[in-house]
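Below, each chain spelled out in residue letters.
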Amino acid sequence: MVLNKASETAALSPAARAAHRRILTAFAETGHADACADACADAETLAELVEHDVLALDESGGIRAAYPFSPVPTGHRVAWDGGEAYAMCAIDALGMSAMLGVPVTITSTEPDTEQTVTVHVDNDTARWEPETAVVFSGQAGDSCCPSVDRTCGNINFFTSADAGNEWAARNPGVVGIVLDQRDALAAGVAEFGAML
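Scoring rules and cut-offs
- Residues numbered from 1 in each chain as written.
- Predicted model: local features only at pLDDT ≥ 70, side-chain atom pairs only at ≥ 80, totals over all residues.
- Heavy atoms only, no water.
- Axes fitted to C-alpha atoms, helices over the stretch in contact; angles between N-to-C directions.
- Helix = DSSP H or I, 4+ residues; strand = E, 2+ residues; numbered from the N terminus.
- Parallel < 35°, antiparallel > 145°, perpendicular 65-115°, else oblique.
- Left-handed = near helix turned anticlockwise from the far one by under 90°.
- Contact = heavy atoms within 4.5 Å.
- Nonpolar A, V, L, I, M, F, W, Y, C, P; charged D, E, K, R; others polar.
- Buried < 20%, exposed > 50% of the residue type's maximum accessible area, 1.4 Å probe, protein only.
- Salt bridge = Lys/Arg side-chain N within 4 Å of Asp/Glu carboxyl O.

Trainee: Whenever I open this one, the packing of helix 5 (residues 90-100) against helix 8 (residues 181-192) confuses me. Can you help?
Mentor: Viewed as axis vectors pointing N to C, helix 5 and helix 8 meet at an angle of 60°, and their least axial separation amounts to 7 Å. As the angle between them shows, helix 5 and helix 8 are arranged oblique. The two elements helix 5 and helix 8 meet at a crossing, and its hand is right-handed. Contact residues: helix 5 offers Ile91, Asp92, Leu94, Gly95, Ala98 and Met99, while helix 8 offers Ala184, Leu185, Ala187, Gly188, Val189 and Phe192. Looking at the contact of helix 5 with helix 8, its residues break down into 9 nonpolar, 2 polar and 1 charged.

Trainee: For this particular structure, what's the right way to read the environment of Ala163?
Mentor: Relative to the helices and strands, Ala163 is located in helix 7 (residues 161-170). For Ala163, a relative accessible area of 15% corresponds to the buried category. Not counting residues up to four positions away in its chain, the partners in contact with Ala163 are Glu110 and Phe158.

Trainee: Just checking my understanding: could you explain the pattern of salt bridges for this structure?
Mentor: A side chain with one charge can pair with a side chain of the opposite charge if their charged atoms come near. Applying the stated criterion across every chain yields a total of 6 salt bridges. The salt bridge involving Lys5 is made with Asp53; its shortest N-O contact spans 2.9 Å. Taken together, the residues span a long stretch of sequence, with Lys5 in helix 1 (residues 5-10) and Asp53 in the loop between helix 4 (43-51) and strand 1 (56-57) at a distance of 48 residues. Across the pair, Asp53 and Lys5 agree in class, each one buried. In this structure, the salt-bridge partner of Arg77 is Glu84, at a minimum N-O distance of 3.0 Å. Judged by its relative accessible area of 29%, Arg77 falls in the partly exposed class.

Printed below as a string of structure tokens:
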């Protein structure tokens, strides 16, 4: 599954790019953005960020997603020296070290089984526990929907390729592939490494 956050970020206007960086920096510094959407960008700039699907807002204008960050707890907790946040999906979590320029530890739970997958990431290198862990990268729904609705819940860590494929078989509306550790990490770095 090909993600597109890096290309969408590159296509932003200078004002939107600057606002996007301010929002991501707020998440990196605090683990959440609170009212940063209003403070960091005007309505036109926010609309551009939403149009490019690098930010998703709820009905009241609050942030639903500032990829790779989630404003609410998810199954993907990412911690680093002096900080912690939640990622929208497994690929987002894997890209945070490269984006932030610090080593991170990802603690995630396998959907349905709640088994723990831990990944220690330092830019483009990682140590996975268990050693058989993979990422299932899937999507469901209409391609015109924002990523938060079609992909985020369908890109997860699994303890093995078999576990990922079995989960996909139990969720027939999800289409995707199992990514090995190298490909999953490379996808995260490619998508998010240059955002800050």
